[in-house]
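For reference, the chains in residue letters:
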Amino acid sequence: MSALVPSLVHAFAPWQHLYGDSKAVSAAVTTVHLVAMLFGGGYAVAADRTTLRARSGDVGERRRMLGELHALHTPVVVALIVLFLSGAAMAAADIETFSKSPVFIAKLGVVALLLVNGLMLLRAERSLERIGQPAPADEVAVQRQATVWRQLRATAWASAALWTAAVVTGVLLTNAA
Ligand code: HEM
């Protein structure tokens, strides 16, 4: 690690100068970061709300909700990729500061948890699609479905909390890196 930071600082020195000297460049990168957060976080938290409001008895509503959740994966993943690229560009503009920042490490930890939670959401969604609508007499399948719905609800609560934590650590990073 001791050799890595100085060599990264050297490699990104031209970008650090451009980012530091040009308000237009730094404003553009920060804007891309915040717009990606607006759409990625906005879609994700709205989907979390829909998941948490889906009534257990309404099969049709739940099927529509799963379809909506499925359709939102692509825009959220695209927004996360843009958040990564713009975030890395901002971090590369001041490696010395961010490499020593516990807030930056905490933020990357939050983002990593957000990705793991996303995979758990995807797995629960796929399980529910596979289970489909079991016959009421099939107690094992009905029980399994109830368990997976609880898992899906848990990922919705975790998603809302982690997106919020990513924003809070982002603002802290800007003010206290
Ligand atoms: C869910 C993902 C993310 C969200 C919601 C998010 C949100 C934010 C927010 C709200 C800010 C404050 C911007 C400002 O006040 O100007 C910020 C700053 C920042 N973010 Fe992110 N971010 C995310 C992912 C990332 C990733 C993956 C990285 C790094 C690879 C990153 C690196 C940064 C850096 C370095 C800053 C500080 C910029 C500065 O001080 O000028 N972010 N982020």
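Residues numbered from 1 in each chain as written. Predicted model: local features only at pLDDT ≥ 70, side-chain atom pairs only at ≥ 80, totals over all residues. Heavy atoms only, no water.

1. Observations regarding the overall build of the protein chain
So, point 1. Looking only at helices and strands, the protein chain features seven helices and zero strands.
So, point 2. Starting at the N terminus and ending at the C terminus, the protein chain contains elements arranged as α-α-α-α-α-α-α.
So, point 3. Taking 2.2 N^0.38 as the reference for a compact globule, 177 residues should give roughly 16 Å; the C-alpha atoms of the protein chain span a radius of gyration of 20 Å, well beyond that estimate.
So, point 4. Expressed along its principal axes, the backbone C-alpha trace of the protein chain runs to roughly 70 × 35 × 25 Å. (Helix = DSSP H or I, 4+ residues; strand = E, 2+ residues; numbered from the N terminus. Rg over C-alpha atoms; globule rule 2.2 N^0.38 Å.)

2. Details of the environment of Ala141
So, point 1. Relative to the helices and strands, Ala141 is located in helix α7 (residues 139–176).
So, point 2. For the pair Ala141 and Ile131, spaced 10 residues apart in sequence, the C-alpha to C-alpha distance is 7.1 Å.

3. As for the packing of helix α3 (residues 23–53) against helix α4 (residues 59–92)
So, point 1. Across the interface, α3 lies against α4 with an axial gap of 8 Å and an inter-helix angle of 160°. With respect to their mutual orientation, α3 and α4 come out roughly antiparallel. As α3 runs across α4, the sense of the crossing is left-handed.
So, point 2. Of the residues that constitute the contact of α3 with α4, the class distribution is 17 nonpolar, seven polar and two charged. (Axes fitted to C-alpha atoms, helices over the stretch in contact; angles between N-to-C directions. Parallel < 35°, antiparallel > 145°, perpendicular 65-115°, else oblique. Left-handed = near helix turned anticlockwise from the far one by under 90°. Nonpolar A, V, L, I, M, F, W, Y, C, P; charged D, E, K, R; others polar.)

4. Observations regarding the site of the ligand
So, point 1. Of all residues adjacent to the ligand, which total 23 residues, the nearest are His33, Gly87, Lys107, Gly170 and Thr174.
So, point 2. His33 is positioned with one of its side-chain polar atoms (N or O) 2.8 Å from a nitrogen atom of the ligand.
So, point 3. For the shell around the ligand, the secondary structure elements donating two or more residues are α3, α4, α6 (102–131) and α7.
So, point 4. Examining the composition of the shell around the ligand, we find that seven residues originate from one element, α7, more than from any other.
So, point 5. For the shell around the ligand, the class distribution of residues is 17 nonpolar, five polar and one charged. (Near = heavy atom within 4 Å. Polar contact = N/O pair within 3.5 Å; in protein donor to acceptor, adjacent residues only side chain to side chain.)

5. A look at the layout of surface pockets
So, point 1. Here the largest pocket is characterised by a volume of approximately 800 Å³.
So, point 2. Secondary-structure elements contributing two or more residues to the lining of the largest pocket are α3, α4, α6 and α7.
So, point 3. Taken as a whole, the second largest pocket holds about 390 Å³ of empty space.
So, point 4. Together, 19 residues line the second largest pocket, and His73, Val76, Leu80, Gly118 and Leu121 are the ones closest to its centre.
So, point 5. Broken down by element, the residue count for the lining of the second largest pocket peaks at seven residues, all from α6. (1 Å grid on protein atoms, 1.4 Å probe; cavity = no way out; pocket = protein on both sides within 12 Å on 5 of 7 lines; lining within 4 Å. Points joined across faces, edges and corners; volume = space filled by probe spheres on them.)

6. Let's talk about the packing of α4 against α6
So, point 1. Remark: α4 packs on α6, axes separated minimally by 12 Å, with the N-to-C direction vectors making an angle of 160°. In terms of orientation, α4 and α6 fall into the roughly antiparallel class. The hand of the α4/α6 crossing is left-handed. Where α4 approaches α6, its residues Leu66, Leu69, His70, His73, Leu80, Phe84 and Ala91 are matched on the opposing element by Phe104, Val111, Leu114, Leu115, Leu121, Leu122, Glu125, Leu128 and Glu129.
So, point 2. A per-class count over the contact of α4 with α6 returns 12 nonpolar, two polar and two charged. (Contact = heavy atoms within 4.5 Å.)

7. Looking at the side chain of Asn117
So, point 1. Along the polypeptide, Asn117 turns up in helix α6.
So, point 2. Once you skip the residues sitting within four places of it in the chain, Asn117 turns out to touch Thr155, Ala158, Ser159 and Leu162.

8. Points about a nonpolar patch on the surface
So, point 1. Together, Val35, Leu38, Phe39 and Tyr43 line one region of the surface with nonpolar side chains, adding up to about 370 Å² of accessible area.
So, point 2. Secondary-structure assignment places Leu38 in helix α3.
So, point 3. A residue is classified by how much of its surface remains accessible, and Leu38, at 52% relative accessible area, is exposed. (Patch = residues over 30% accessible without salt bridge, like charges linked within 9 Å, V, L, I, M, F, W, Y side chains within 5 Å. Areas by Shrake-Rupley, 256 points an atom, 1.4 Å probe, with all protein chains shown as cover. Salt bridge = Lys/Arg side-chain N within 4 Å of Asp/Glu carboxyl O. Buried < 20%, exposed > 50% of the residue type's maximum accessible area, 1.4 Å probe, protein only.)

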